[in-house]
Amino acid sequence: MPRVARVSSKNGIYHIMLRGANKQEIFHDDEDCVRFLEIIEKYKRLSEMKVFAWCLMNNHVHLLIKEGNEPISITMKRIGVSFVWFYNWKYSTTGHLFQDRFRSENVETRRYLLTVIRYIHQNPVKAGIVNRADEWRWSSCREYYGKHVHLRGLLDADYIFRLISEDTSIAKDRFKEFNERKSNDQCLDDRVNERKRLSDQEARQEIRQLLGTIEIAQVKSLSKVKRNEVLRQVKLINGLSQRQAARILGFSPNLIFKA
């Protein structure tokens, strides 16, 4: 089936989602997250785009961006290629990291713009990872609230505050109230619910169920082809991190990543 061409946003604002191929993890440690944000900041300067929200989850990314001096598809390609180069170099791996092309939706109204920001910030809350949006280190929520962030200047918060009120103090209070309001927002037709991270006990149970008659300790003794086939299936277990799988199965993280 041929790809459907993206419909351009009238105001150039897009909600974008990047997901790991086969739902694999994209970010394994803090360095990965920081590097991804640095890459966005680099291409923000080069393309003169605006960034209104972002959230890095284990295996996907949400961005709210206003197109700059080039089509958003070109900017996103630059960001993706740069991060994949870093990832493959760091983990000594090759191949696809992201699932096909990025998904996007147009954000045409002020109300929906604020709704998408809330949806993005509440991703970690709805995934059960944190209790409050500002507890998650890897989203723009903390900068909106004036808290410490890893890359100050990436976010264009003033644009959003001005949409709410000319008085910045009032705008910040109203933004926070709206951002923390419980909601059932559904954006980008994303129906994929991220599970809370499995405990090691839960992870072992899931792995045993997947392996069937094979014991966890026996995976190391499998042929390389069979072993990699098993590891690829293990990596698809929802809520199981690849580092956790490596620890339980007794492999190096790099071997899990490459499988």
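An account of the accompanying structure is given in this report. (Residues numbered from 1 in each chain as written. Predicted model: local features only at pLDDT ≥ 70, side-chain atom pairs only at ≥ 80, totals over all residues. Heavy atoms only, no water.)

Attention shifts here to the packing of aromatic side chains. A full pass over the atoms with the stated rule returns 12 aromatic pairs. Taken together, Phe-27, Phe-36, Phe-83, Phe-86, Tyr-87, Trp-89, Tyr-91 and Phe-98 form an aromatic cluster joined through their ring pairs. Over the ring of Phe-178 we find Arg-118, and its NZ or CZ is 4.0 Å from the ring centre. Over the aromatic face of Tyr-145 sits the side chain of Lys-176, whose NZ or CZ is 5.1 Å from the ring centroid. (Phe/Tyr/Trp six-rings, centres within 6.5 Å; stacked < 30°, edge-to-face > 60°. Lys NZ or Arg CZ within 6 Å of the ring centre and 35° of its normal.)

Here the focus is the pairing of strand 2 (residues 50-56). The element strand 2 is extensively covered by neighbouring structure, given that 6 of its 7 residues are classed as buried. Direction of pairing for strand 2 relative to strand 3 (residues 60-66): antiparallel, over a ladder of 6 bridges. Counterpart to Lys-50 in the pairing with strand 3 is Lys-66. Once strand 2 ends, the chain turns through 3 residues before running back antiparallel as strand 3. (Buried < 20%, exposed > 50% of the residue type's maximum accessible area, 1.4 Å probe, protein only. Helix = DSSP H or I, 4+ residues; strand = E, 2+ residues; numbered from the N terminus. Pairing = 2+ DSSP bridges.)

Strand order across the open sheet formed by 4 strands is 2-3-1-4, with antiparallel pairing between neighbours. Each having just a single partner strand, strand 2 and strand 4 (103-106) make up the two edges of the open sheet. Neighbouring strand axes in the sheet, compared pairwise and without regard to direction, differ in orientation by 15 degrees on average. With 7 bridges joining them, strand 1 (residues 13-19) and strand 3 adopt antiparallel strand pairing. Pairing of Arg-19 across the sheet is with His-60, part of strand 3. Lying over the sheet, helix 1 (residues 30-47) contacts strand 1, strand 2 and strand 3, oriented at roughly 165 degrees with respect to strand 2. The sheet contacts of helix 2 (residues 72-91) involve strand 1 and strand 3, and relative to strand 1 the element is tilted by about 35 degrees. (Axes fitted to C-alpha atoms, helices over the stretch in contact; angles between N-to-C directions. Contact = heavy atoms within 4.5 Å.)

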